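What the coordinates show
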Amino acid sequence: MSKIDDIEIISRVLEGNTDAYSLIIKKYQDMVFRYVYYQFNDYDEALDITQDIFITVMEALPSFRQESKFSTWLYSIMVNHCKNYRKKKNRYSLVPLQSKKGDDEYEIQLEDSRENPEDRIITEDSLRIVKEEISKLPDDFREILTLRDIDGLSYNEISSILGINLSNVKVRIHRGREYLKNRLYARGLI
Amino acid sequence: MTSFHLSFNQISDLIDGDVSEEEKREFLSHISSCSICKKEYDTLSRCISLVYNIKSEQIAIPDICSSTIQLYEKRCRKRMYMKRIPAIAASCFIVFGVGFAVTQSSFNDNGSIIASNNNLSKTEKIISFIRDSDGKILKMTDNYIESQISSSKLEKIRYELGKNNLKMEIFNHPFYQISNMKGKNYSDVSVGSTAMSDVKIEKISPNEKGKVIIRVFK
Ligand SMILES: [Zn+2]
């Protein structure tokens, strides 16, 4: 069976064939779920948000202009959805989870002393620690490092997804990596 | 060769391949001879690969296709209920063409099988009828052409189309476009019936008063 491309599926959906949309969901649900999961580090929450994202995408589909790849467009909806969700969540929680700062204002935290610096931590543990540290990153850093270092997107793609220019993409990647590197160093992982 | 140590940003760019060939040679040669920068390079490389490796975690994700589409349709219905009262009160569905209901259900499946020549001439005919009625074409698909015409031209175009054996359907409401979830027009909806729960109603521009939207099937 030949692989049907996104554009063809989308035109079918826009023709009124809602069922064709399941092809889009099947193709991208893993990608979307993982992105959301890394942002919120909560399985059930990530599942709900993933569904909401696909509904938002479906509703926004008529506005999709084929100037960008569908996946890039989907990414930008997904990233914004997570941003808005977090904003709402923070607004309603009594203690804000994270204070919002600009890229410049993050201090590199090195307060943790290295526990057992001689030991190489085994894989399962390192996976848990990396996830934990990623979840504790400032939002902007977590967002951009997920796109760059987990999903492997190009600077150009990230620029259009986040709506920031290339030099800001680079600056944010540099700062995010430096921040995370210091955290993982403090945890004895690197 | 660089006499200064490489900056963190340079190392990061090097790992990303975001450097010129010349820089790449220069940086690598510095790293090979400088233990401090070598250590920085290794540390960041390991950091990036640890981050990348969280992808290797097996996460069982349930298939969310059907539940998502169901949720989507549920929300559409909910939205429709909000708009329903004024829409239903004012709407009236008129269907022309014998055996329309039967034809409608088979259109999507068979529409593209129709010979293209035949289709083209039909398309041309339909367009010319719409043009003669000063209509505006809104949408063209393999199966039908959707257009907006003034209600005063309705009788004329209906007569012309009928003469040419073309079927047509009307959305008689000037403010709302009404279709079911599959995007098909609704022909047999009685006001207040449960079937309405499947209907999608989209508001169209209010300055289009006195106009009707019709679909002419090929
Ligand atoms: Zn050096």
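Residues numbered from 1 in each chain as written. Chains lettered and ligands numbered in written order. Predicted model: local features only at pLDDT ≥ 70, side-chain atom pairs only at ≥ 80, totals over all residues. Heavy atoms only, no water.

As a further point, take the overall build of chain B. Per the secondary structure count, chain B includes 7 helices and 7 strands. Out of the 218 residues belonging to chain B, those deemed buried represent 41%. Taking the intrachain contacts of chain B between residues at least 6 apart in sequence as the baseline, contacts between residues at least 24 apart amount to 70%. Within the structure as shown, chain B displays about 12000 Å² of accessible surface, and the carbon and sulfur contribution to it stands at 52%. (Helix = DSSP H or I, 4+ residues; strand = E, 2+ residues; numbered from the N terminus. Buried < 20%, exposed > 50% of the residue type's maximum accessible area, 1.4 Å probe, protein only. Contact = heavy atoms within 4.5 Å. Areas by Shrake-Rupley, 256 points an atom, 1.4 Å probe, with all protein chains shown as cover.)

Let us look at helix α1 (residues 6-14) of chain A. Structurally, the α-helix is built with 3.6 residues per turn, so residues lying three or four positions apart point the same way. Residue and element names in this part refer to chain A. Residues D6, I9, I10 and V13 constitute the buried set of α1. Angularly, the buried residues of α1 cover 100° about the axis, an arc narrow enough to put them on a single face. Buried-residue contacts for α1 involve α2 (21-40), α3 (43-60) and α4 (70-92). The positive-phi residue at the C-terminal boundary of α1 is G16, with phi of around 110°. (Arc of directions from axis to C-beta.)

With that out of the way, let us pick up the coordination of the zinc ion. Residue and element names in this part refer to chain B. The zinc ion binds to the protein through H5 (ND1), H30 (NE2), C34 (SG) and C37 (SG); the donor distances cover 2.1 to 2.3 Å. Of note is the zinc ion, whose 4 donor atoms meet at the metal with angles of 96 to 131° in an arrangement that counts as tetrahedral. Taking the relative accessible area as the measure of exposure, H30 reaches 4% and is therefore buried. Relative accessible area serves as the criterion here: at 2%, C37 is assigned to the buried category. (Donors = N, O, S within 2.8 Å, 3.2 Å for Na, K, Ca; no water. Tetrahedral: all angles 85-135°; square planar, octahedral: opposite > 155°, others 65-115°.)

Before going further, it helps to examine the confidence of the model for chain B. Segments scoring low in pLDDT should not have their predicted coordinates read at a detailed level. All names here are of chain B. Chain-level pLDDT for chain B is 71 on average; 62% of the residues reach the 70-or-more range. Here helix α5 (residues 100-110) stands out as the least confident element of chain B, with mean pLDDT 37; helix α1 (residues 8-16) is the most confident, with 97. Across residues 173-201, where pLDDT falls below 50, the model places 93 contacts with residues more than four positions away in sequence or in other chains. Here residues 203-207 is a poorly scored stretch, pLDDT under 50, and it has 10 contacts once near neighbours within four places are set aside; other chains count. Both confidence scores are given for the complex: pTM 0.61, ipTM 0.82. (pLDDT = per-residue confidence, 0-100.)

Looking at the element boundaries, R177 of chain A is found in helix α8 (residues 166-186). Taking relative accessible area as the criterion, R177 of chain A reaches 1% and is therefore assigned buried. Leaving out residues up to four positions away in the same chain, R177 of chain A has contacts with L145, R148 and D149 of chain A together with F8, S12, D16, L44 and I48 of chain B.

With that out of the way, let us pick up the environment of K55 of chain B. Here K55 of chain B lies in the loop between α3 (35-53) and α4 (65-90). Classification of K55 of chain B as partly exposed rests on a relative accessible area of 34%. Once residues lying within four places of it in the same chain are set aside, the contact partners of K55 of chain B are R34, Y38, I150 and D151 of chain A.

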